[in-house]
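# A structural walkthrough
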Amino acid sequence: MFFPYLEAEAQGSLIPGNVISFSVYLTLFLLCSAVQLLAAGLEKERLRKISKPFCVFILFFAAVMTFPSQWALYLGLLCGMLGDIFLIFTNRQTCVGLGIFFFLLEHIFLISQSCFSFGGSISMPLWIGLATIAAALYVVVVLIVQKVYALKGAMLYGGSLYAVALSMDLVFQIVGVSLGQLPFVYGIVGGTFFLLSDGILTYTMFKHNFRRSDLPIMATYLIAQLLYTTAFFASTLGW
């Protein structure tokens with residue numbers, strides 16, 4: 001079950017948020033993910049490209065139907081789906097840039113959702129510390145990316161900004177757990193898989209691609225998206 005301890009329906013849902021509906025969402029997500037990973041493993045490019053956006057679309061649909069007022073959550077997942085669509089065309093720099101942009105928006109929305117969940121519990125010194133970490137991390141990432149991948153201009157600074165947003169999303173999941181929001185443990189694991197997925201993707205795009213690279217990229221990515229969504233759902237439902 002997606003949420004094994006969920007007994008009461010989520011209030012305000014457009015579709016009742018209960019064990020049955022979440023099990024259906026999970027089954028559909030796993031089926032779409034299986035098609036995506038099978039296509040990646042067999043190098044069936046047409047099937048891989050067609051099936052790719054539907055995986056995160058299911059999570060988006062589950063979020064908007066269950067929590068229609070949690071706009072930051074489902075807009076984040078929508079941006080993730082749009083990022084998936086643009087990154088189908090990795091041979092086009094414009095599409096790559098748009099893909100990075102929408103994934104940046106996804107993590108900004110997910111950080112916003114974290115703030116809505118426990119932002120009132122964060123003290124001003126902690127906010128200052130988080131802002132300092134983000135600023136310092138941006139400088140470090142720019143220097144590393146410039147040296148390792150020799151990127152310049154918008155790709156360097158925009159890509160580095162995305163990397164910081166991704167990292168800070170993970171940091172906010174850690175903050176949530178430290179504040180007693182134990183469901184964000186899912187987000188910590190998911191954030192780790194996100195970093196792994198994007199690390200492989202960046203290497204294949206700017207250094208050296210290898211055969212069936214889409215398989216580990218998408219496997220880690222889909223695990224990350226599922227765990228992130230689970231963290232927010234579980235936190236909102238209070239189990």
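This one's a predicted model, so the numbers in the text were calculated from it and none came from an experiment.

### Re the overall build of the chain
Summing up its helical and strand segments, the chain has 8 helices and 0 strands in all. Its helices and strands in sequence order give the chain the pattern α-α-α-α-α-α-α-α, from N to C terminus. Compactness check: the chain gives a C-alpha radius of gyration of 18 Å against a globular reference of 18 Å for 239 residues, within 12% of the reference. The C-alpha extent of the chain, read off along each of the three principal axes, is 50 × 50 × 25 Å. The long-range share in the chain, meaning contacts at least 24 apart out of those at least 6 apart in sequence, stands at 69%.

### Let's talk about helix H8 (residues 214–237)
The end-to-end C-alpha distance of H8, which contains 24 residues, comes to 34 Å, matching closely the 34 Å that a straight helix rising 1.5 Å per residue would cover. Burial analysis of H8 places 18 of its 24 residues in the buried class, the great majority of the element.

### Describing the side chain of Gln113
Positionally, Gln113 belongs in helix H4 (residues 93–118). The residues touching Gln113, leaving out its near neighbours within four places in the chain, are Gln70, Ala72, Leu73 and Phe232.

### With respect to helix H1 (residues 19–41)
With 23 residues, H1 extends 32 Å between its outermost C-alpha atoms, agreeing within 8% with the 33 Å of an ideal straight helix rising 1.5 Å per residue. Buried residues of H1: Ser21, Phe22, Ser23, Tyr25, Leu26, Phe29, Ser33, Gln36, Ala39, Ala40 and Gly41, and no others. Just downstream of H1, Glu43 is the residue with a positive phi angle, here 60°.

### Considerations on the environment of Leu73
For Leu73, the location among the structural elements is in helix H3 (residues 71–86). For the pair Leu73 and Phe109, spaced 36 residues apart in sequence, the C-alpha separation works out to 6.5 Å. With near-sequence residues (within four places) excluded, Leu73 lies in contact with Ala63, Phe67, Leu110, Gln113, Phe232 and Phe233.

### Let's talk about the layout of surface pockets
Counted as a void, the largest pocket has a volume near 530 Å³. Gly159, Tyr162, Ala163, Asp198 and Thr202 are, among the 24 residues lining the largest pocket, the residues nearest its centre. Of all the secondary structure elements, the ones that give two or more residues to the lining of the largest pocket are H4, helix H5 (124–149), helix H6 (153–178) and helix H7 (185–206). Looking at the lining of the largest pocket, the element that brings in the most residues is H6, giving 8 residues.

Thresholds, definitions, all that
- Residues numbered from 1 in each chain as written.
- Predicted model: local features only at pLDDT ≥ 70, side-chain atom pairs only at ≥ 80, totals over all residues.
- Heavy atoms only, no water.
- Helix = DSSP H or I, 4+ residues; strand = E, 2+ residues; numbered from the N terminus.
- Rg over C-alpha atoms; globule rule 2.2 N^0.38 Å.
- Contact = heavy atoms within 4.5 Å.
- Expected span 1.5 Å × (residues − 1).
- Buried < 20%, exposed > 50% of the residue type's maximum accessible area, 1.4 Å probe, protein only.
- 1 Å grid on protein atoms, 1.4 Å probe; cavity = no way out; pocket = protein on both sides within 12 Å on 5 of 7 lines; lining within 4 Å.
- Points joined across faces, edges and corners; volume = space filled by probe spheres on them.

None of this, on its own, says anything about what the molecule does.
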